[in-house]
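Results of the structural survey
This is what each chain is made of:
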Amino acid sequence: MSLVIDVQNVSKHFGKATAVNQVSFEVEKGQIFGLLGPNGAGKTTMIRMINHILNPDTGSISILGEPASPKSQERIGYLPEERGLYKKMKVFDQLMYLAQLKGLSHQAAKNAIDFWLDRFEASTWKKKEISELSKGMSQKIQFIATVAHDPEIYIFDEPFSGLDPINSEMLKDVILEEKKRGKTILFSTHRMEQVEQMCDDICLFNQGKAVLQGNLRSIKQSFGNNTILLDFVGDSEFLNELEGVRINNRSTNFAEIRLLEGASAQNILQVAIAQAEIQRFEIVQPSLQDIFFSTVKDTKVAD
Amino acid sequence: MINSSKIWLIIKREYSTRVQTKSFLLSTFLTPLLILGFMGFIIFMTVSDNEAPKQVVVIDETGRLLEPLTQLNATRYLPITASQSIDEIRDQIMADELDGYVLFDRSFLSEGTPATFVHNGAGGITFFESLRSDIRDVTRQIRLEDNEVSEAIIEIFEERPALENRRMNEEGVDEQSNAFLSFSGGILIGIFIFFGLFGYGAILMRSVIEEKTSRIVEIITSSVKPIELMLGKLLGVCLVALTQFGLWIATYAGVTILAAPVAQFFINQRMGDFQNSVSALDATGAAANVPSDIDLSFLEQFSVDPLFILFFFVFFVLGFLMYSSIFAAIGAAVDSEQDSQQFMTPVMLPILLGYMLNFRIAEAPDSTFAIIASLFPLTSPINMVTRIMVSNVPIWEVALSIILLILSLIGMLLLAARIYRSGILMYGKKPTFKELFKWVRQA
């Protein structure tokens, strides 16, 4: 498999603050790669460097085998976290402008834009200004601006933030479809549960560092089956009596329980049965969010 | 290194989105109309002031001034009729039937007691001045007569020596010149450049802020370098300004070129009508005493030298690029127009200085002070153009001024590009001057 994005020992400082600290990761062709982590972890700075908007202080970034450059920018479709378009410009003119800035000829840009406007049933908006469109409509236009030049790499920064469920579903479909066409997709998000099903590889960011990375499935396997999903009816007081566990998620009739060292699933089941009516008891792999928290805690201890 | 085809795309967008706006069309076509209207209004006021005859009653206790005054202007100066009392005259003035009266005291001539002009406020300063000069002339004449001064001396007093104003051009040929015209032209051109630099600089800054706050700048910089975006915007807005000025200058040139033939045409027609009517009346066919030609050469003074237009554009473009690169940097550094005020003040100072000094430079275009101001790059875009308009500036001074301006333009552009690059992706806190310097050093 060929490397599409190759990040080696990259650091970036803003004044005294270190936004990205000695980060390395690799993205292979045809993958969906998730850059995960809480807000302020350095994801957007990393993404801007891959997009050649910012330059790393140290380290190197290669895109499709060559150092990041204006040339590599043309092979990337970038959807920034903060969306933006010219409010007073007509939809078609705006898309033409952005596609031509990405290196498309006038005719190629026109064909691509007509295709995408047609696909999103937005051809009638051509002559409208962005300020006349609803939020959902302008999100579609923003998306067309990202994909119109048919890039080999897609980079989406927090793609699902601010999307309504319909557009959210549509974006997921497009991402999976583009993956099938052999495109490489990198996206960042702080909502980890949203992307668990989609990602092949992930890189977890915390405080500017890559704290965990690799294939999502193997990472989960390596953590083992150590999580209990419990549905119950009755008093939840018993959850407080459990020892050797961490309760990640609880509500009136649901709990996600992580087994720590020495704890036994059978003991927990016995305690639970004694005090409540159990409707589900399932032993599963930990969630990505749980993995993130354990990893962050471990690295903090290691520091 | 710099991708010119992408800069071209940016220039095209900046240009076409602006030229198509209503406000551009309105300001382009209304401004000359407003100026013409304003000039027409002033001319109308001046002319109409002379046309409406004013009537002033002369109450002459000396008995010597009334006659020469009515000889001088029989419609303006009226004798007091025997039946009129001063109160009646005052009532007539109140009722606007008269414009005023002048009272000459018995001792006006003997002891120099001031005459009094009582009026209803109409007429204004011009009328008052002309009244005073009439009285002065008449009084002087009486005194000369009283002292039995010889004819020769009276002639000396009446003499009005003429002073012809001729300005030497580059070829050393004398041209008729109107000092007042070139002075006011110099002032006007300075105001023009000042508002051009400032107005279009503000447009550019607003557009940088808009791109930043609408966040589109992140998408653009994922396709082009910040310096390319900045240059594209500068050149695009500059072209808009040049289009507008070009249209204005073309209109002006058209008007001045056509003015003489058109005026001549109408005058000839009038003359034709006049002569026809005269010859119809005068069956004997005696040559009608009509001036066959009216001198319209004064209109040529309004025409503008193409070389001057070239210099105007050179200085405007260079000055605009220099100042607007700073405006772009300020726009990139702040999040809103209100925040820009703090940084605007130090930038404004030199342009304002150039603007305010301009009056003195138009008055004394060849003083050391004017030479310095027209060489100093922060003021030269305004002051040198004014100097070129008002006097004959040696070509080496113009060249030096242009070279200095280009050098400082390059310096400003490099400085601004660094602030711009750091600023467009920074949100939140308004940076301090210290941080701006840091951005410059970092890059």
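Refer to the preceding data block for the structure.
The rules we used
- Residues numbered from 1 in each chain as written.
- Chains lettered and ligands numbered in written order.
- Predicted model: local features only at pLDDT ≥ 70, side-chain atom pairs only at ≥ 80, totals over all residues.
- Heavy atoms only, no water.
- Pairing = 2+ DSSP bridges.
- Helix = DSSP H or I, 4+ residues; strand = E, 2+ residues; numbered from the N terminus.
- Axes fitted to C-alpha atoms, helices over the stretch in contact; angles between N-to-C directions.
- Contact = heavy atoms within 4.5 Å.
- 1 Å grid on protein atoms, 1.4 Å probe; cavity = no way out; pocket = protein on both sides within 12 Å on 5 of 7 lines; lining within 4 Å.
- Points joined across faces, edges and corners; volume = space filled by probe spheres on them.
- Nonpolar A, V, L, I, M, F, W, Y, C, P; charged D, E, K, R; others polar.
- Salt bridge = Lys/Arg side-chain N within 4 Å of Asp/Glu carboxyl O.

As for the sheet that holds strand S10 (residues 209-215) of chain A
Residues and elements named next belong to chain A. Strand order across the open sheet formed by six strands is S6-S7-S8-S3-S9-S10, with mixed pairing between neighbours. Looking along the sheet, the strands with just one partner apiece sit at the ends: strand S6 (76-79) and S10. Each neighbouring strand pair of the sheet contributes to a mean axis angle of 15 degrees, computed without reference to strand direction. The pairing of strand S7 (residues 153-157) with strand S8 (residues 184-189) spans five bridges and is parallel. Across the sheet, Tyr-154 pairs through a bridge with Ile-185, a residue of S8. Against the sheet, helix H6 (residues 165-180) touches strand S3 (32-36), S7 and S8, its axis set at about 150 degrees to S8.

Let's talk about empty space enclosed by the protein
All names here are of chain A. Summed over the entire model, instances satisfying the criterion amount to two cavities of 30 Å³ or more. Taken as a whole, the largest cavity spans an internal volume of roughly 110 Å³. Taken together, Leu-79, Arg-83, Gln-139, Lys-140, Gln-142, Phe-143, Pro-159, Leu-163, Asn-167, Met-170 and Leu-171 make up the lining of the largest cavity. Counting only elements with at least two residues in the lining of the largest cavity, the list comes to helix H5 (135-147) and H6. Broken down by element, the lining of the largest cavity gets its largest block of residues, four residues, from H5. Counted by class, the lining of the largest cavity contains six nonpolar, three polar and two charged residues. There is about 70 Å³ of room inside the second largest cavity.

Digging into the sheet that holds strand S13 (residues 254-259) of chain A
All names here are of chain A. One open sheet holds the four strands; their spatial order is S12-S13-S11-S14, and the pairing between them is antiparallel. A single partner strand is all that each edge strand has here, and the edge strands are strand S12 (245-251) and strand S14 (277-284). In this sheet, neighbouring strand axes are inclined to one another by 20 degrees on average, regardless of whether the strands run parallel or antiparallel. Strand direction decides the pairing type here: strand S11 (residues 227-233) and S14, joined by seven bridges, are antiparallel. By the bridge assignment, Thr-227 is partnered in S14 with Val-284. Here helix H9 (residues 265-275) sits on the sheet and contacts S11, S12, S13 and S14; the angle it forms with S14, its principal contact strand, is near 165 degrees.

A short note on the pattern of salt bridges
Taken as a whole, this structure holds 30 salt bridges over all chains when the rule is applied. Salt-bridge contacts for Asp-290 of chain A lead to Arg-246 of chain A; the nearest nitrogen and oxygen are separated by 2.7 Å. Placement of Asp-290 of chain A in helix H10 (residues 288-302) and of Arg-246 of chain A in strand S12 is noted, with a sequence separation of 44 residues between them. Notably, a salt bridge pairs Glu-211 of chain B with Lys-233 of chain B, separated by 2.8 Å at the nearest N-O pair. Placement of Glu-211 of chain B in helix H7 (residues 179-213) and of Lys-233 of chain B in helix H9 (residues 226-281) is noted, with a sequence separation of 22 residues between them.

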